[in-house]
Every structure is written in structure tokens, then in C-alpha cells.
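Chain and residue survey
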Amino acid sequence: DVATNKELGIQTTGCVKILNSTIKDNDQIRSELVPTLLKVVNDNKKQLDDFGTFEIGRVATELDEKNLAVEKKYLAVALFSTQKTEKELYMRVKEIAESLVGEFLNMQIKYDLRQQNKNYIHPVNNANLVVDGKTIGYIGLLHPQTLDAIDKKSAVAVLEIDFTQFAQIQPQKT
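Section: the pairing of strand β8 (residues 155-162)
Most of β8 is tucked away: eight of the eight residues are buried. What you see with β8 is no split at all: Ala155, Ala157, Leu159 and Ile161 on one side and Val156, Val158, Glu160 and Asp162 on the other are buried throughout. In this sheet, β8 lies alongside strand β4 (residues 69-81) in antiparallel orientation, the contact comprising eight bridges. In the strand pairing of β8, Val77 is matched with Leu159. Bridge count between strand β7 (residues 134-142) and β8: five bridges; the pairing is antiparallel. Considered in β8, the bridge of Gly140 is made with Val158.

Structure representation (C-alpha cells):
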């Protein structure tokens, strides 16, 4: 939702534009899921003190050599709390990522710290998730400006995994 992204100061880069869109300002296919979840967080912050939300959905990440959209399936998680600290939420999304990778791939995650340059992700408190030499996603806290736009007295942590990339990794045998 373009209006919410603008309200929260979120900049996204869509690579596929919809011609003759019937919804003004929503004329791009999304390239990431986290901004959608941040809208859910923003819409529900007054209802609950502590909650999480997730989505498994499709995104268009780039155009191929024939100028067609490259669609991928992503998983995103957002945790919100006015009761827990940022560190607690960050560790929780880290646990979720480790649980998925451990359970389905029987592998461990290597963390490349401070790799995200999305304007809504904290410049220091973030890490790419690397499994079998492939970056499959990231975890992070929100940039202070984005967090202030949602609720400066809360904590928000996010996780995004490229399930298309995740599914291409061969599980280790036990």
C-alpha cells in the first residue's frame, strides 16, 4: 500500500509496473513482503500489546532476459511488542529462522552482519541469512525513523526468507 509506505517512510523498488491499474498509486507488483507486514503492524498496534504476523506470498524481484517478471515465493514475519525489548524480538526472529533451516535443511545459518540497505531496516541491527553459501534472506530491527512512525515506545523485528532459494538447497543427511 503506497499510502502506508509513504506514512511510514518506507521506500520500495518495484520492477514490474501495472498498466492501467484501477487502484491509484498501487500500480507496481511488490518486490518484498516486509512492507506489507509493517502495514498490518501499523493497523493493529492499538489492538494488541504483543503480536506477530506472517505471510507466504509471491514477489517479482527482477525482469528476465525476455523482460518478463521473475516471480519468487517469500516468507516474511513481523513481531511487534510494547512489552518486550528489541533484543528479545530480534532473538525471536533469529530463532524462527534457525528453526526453519534446522528442521527442513538440517543445516546452520551463517550471519553476515549489517548487510541490508533498505531504508526501513536498522543500519546496524540486521543480518543476511546465509545457508550453504547462498543468501536466503535477512533478519533485522526497524530503522528508528520507521519505528517512530509506527510507535516509538514499541519494538519491531522482521524476517524475510526467499523460499524459492531456500527450496533449491539440498538438505544435509543426518
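That covers the picture; the talk isn't over yet.
A look at unusual backbone geometry
Even without being a glycine, Arg114 presents a positive backbone phi close to 55 degrees. Checked against the element boundaries, Arg114 lands in the loop between β5 (110-113) and β6 (121-131). The exposure class of Arg114 is exposed, given its relative accessible area of 55%. Even without glycine at this site, Asp132 takes up a positive phi of about 55 degrees.

Here's the deal with the sheet that holds strand β3 (residues 50-63)
Pairing between sheet strands relies on hydrogen bonds along the backbone, with the strands arranged either parallel or antiparallel. Taken in spatial order, the six strands line up as β3-β4-β8-β7-β6-β5 in an open sheet, and their pairing is antiparallel. At either margin of the open sheet sits one strand with a lone partner, and together these are β3 and β5. Ignoring which end each strand starts from, the neighbouring axes of this sheet average 20 degrees apart. Relative to the sheet, helix α3 (residues 86-105) contacts β4, β5, β6, β7 and β8, its axis offset from that of β8 by approximately 20 degrees. Across the sheet, helix α4 (residues 144-151) is in contact with β4, β6, β7 and β8; its angle to β7 comes to roughly 55 degrees.

A short note on the nonpolar core
Ranked by internal contacts, the top residues of the largest apolar core, which has 25 residues, are Val101, Leu129, Val131, Ile136 and Leu159. Of all the secondary-structure elements, those providing two or more residues to this core are β4, α3, β6, β7 and β8. No other element matches α3, which puts eight residues into this core. Those residues in contact with Leu129 that sit more than four places away from it in its chain are Ala97, Ile109, Lys110, Tyr111, Lys134, Thr135, Ile136, Gly137, Tyr138, Ile139, Leu159 and Ile161.

What counts as what
Residues numbered from 1 in each chain as written. Predicted model: local features only at pLDDT ≥ 70, side-chain atom pairs only at ≥ 80, totals over all residues. Heavy atoms only, no water. Buried < 20%, exposed > 50% of the residue type's maximum accessible area, 1.4 Å probe, protein only. Helix = DSSP H or I, 4+ residues; strand = E, 2+ residues; numbered from the N terminus. Pairing = 2+ DSSP bridges. Axes fitted to C-alpha atoms, helices over the stretch in contact; angles between N-to-C directions. Contact = heavy atoms within 4.5 Å. Core = buried A, V, L, I, M, F, W, Y, C linked by side-chain atoms within 4.5 Å.

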